[in-house]
Amino acid sequence: MPAPYTGGCQCGSVRYVVTTEPIRLVACHCKECQRQSGSAFGMSMPVKKDGLIVTGPTKQFTRIADSGGEVTGVFCPDCGTRIYHVPQPAQDVVSLKPGTLDDTSWLRPGTFIWMKSAQGWVPVPDGVTALEGPG
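Residues numbered from 1 in each chain as written. Predicted model: local features only at pLDDT ≥ 70, side-chain atom pairs only at ≥ 80, totals over all residues. Heavy atoms only, no water.

**A short note on the nonpolar core**
Stated formally: We define a nonpolar core as any set of buried Ala, Val, Leu, Ile, Met, Phe, Trp, Tyr and Cys residues linked to one another through side-chain atoms lying within 4.5 Å. Per-residue accessibility, obtained with a 1.4 Å probe over protein chains only, is compared with the maximum for each type, and a residue is labelled buried under 20%, exposed over 50%, and partly exposed between these values. Residue contacts follow a heavy-atom distance rule, with two residues in contact if any of their heavy atoms lie within 4.5 Å.
With 25 residues, the main nonpolar core has Y84 and L96 as its most contacted residues. Leave out the neighbours within four places in its chain, and L96 touches Y16, V18, M43, S44, M45, L52, I83, Y84 and L101. The next biggest cluster of nonpolar side chains, apart from the first, holds six residues, and it includes C28, C30, C33 and W114.

Structure follows, in structure tokens:
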């Protein structure tokens, strides 16, 4: 599905438009993504920072990732939905949370990362690269 893509948080306070094509789509199985998503993995869709237009109020939270680098999560202050995160040292890329897209029907991760902490019941689909650590 070609750009632009639209999405937002659960309560509708935060909306966004992505005007460029995603760089890739990754399912991360690290413990922090499991905690943040409340599921077996979290998905990230890196996009060029200047191709993401966000409207509405947001808050930020910075933590240290399993890789040792800082990750700043940007989320809706009302409903708490994470919209994207900014991994350090990436200056021009943000990782959109693709579950917040209005249309998710076309999503298919090309890579699974941090498989060393993946839940044993999550199968790796055919054609998907699976890495033990970061991608």
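**Some points on the sheet that holds strand β6 (residues 59–64)**
Selection criterion: One requirement defines pairing of two strands: DSSP has to find at least two bridges between them. Each helix is a run of DSSP H or I of at least 4 residues and each strand a run of E of at least 2, with the numbering of both proceeding from the N terminus.
Pairing is mixed across the open sheet formed by eight strands, whose spatial order is β6-β7-β8-β9-β4-β3-β10-β11. Either end of the sheet is taken by a strand with one partner, and the two such strands are β6 and β11 (129–130).

**Side note on the packing of aromatic side chains**
The cut-off we apply is this: Aromatic rings from Phe, Tyr and Trp, with only the six-membered ring used for Trp, were paired whenever their centres fell within 6.5 Å, and each pair was classed as stacked if the ring planes differed by under 30 degrees, edge-to-face if by over 60, and tilted otherwise.
This structure, assessed with the given rule, holds two aromatic pairs. The interplanar angle of 25° and the centroid separation of 5.0 Å between the aromatic rings of Y5 and W106 together place this pair among those described as stacked. One end of the pair, Y5, is in strand β1 (residues 5–8); the other, W106, is in the loop between β9 (93–96) and β10 (111–113), with 101 residues separating them in the sequence. Given the relative accessible area of 2%, Y5 is considered buried.

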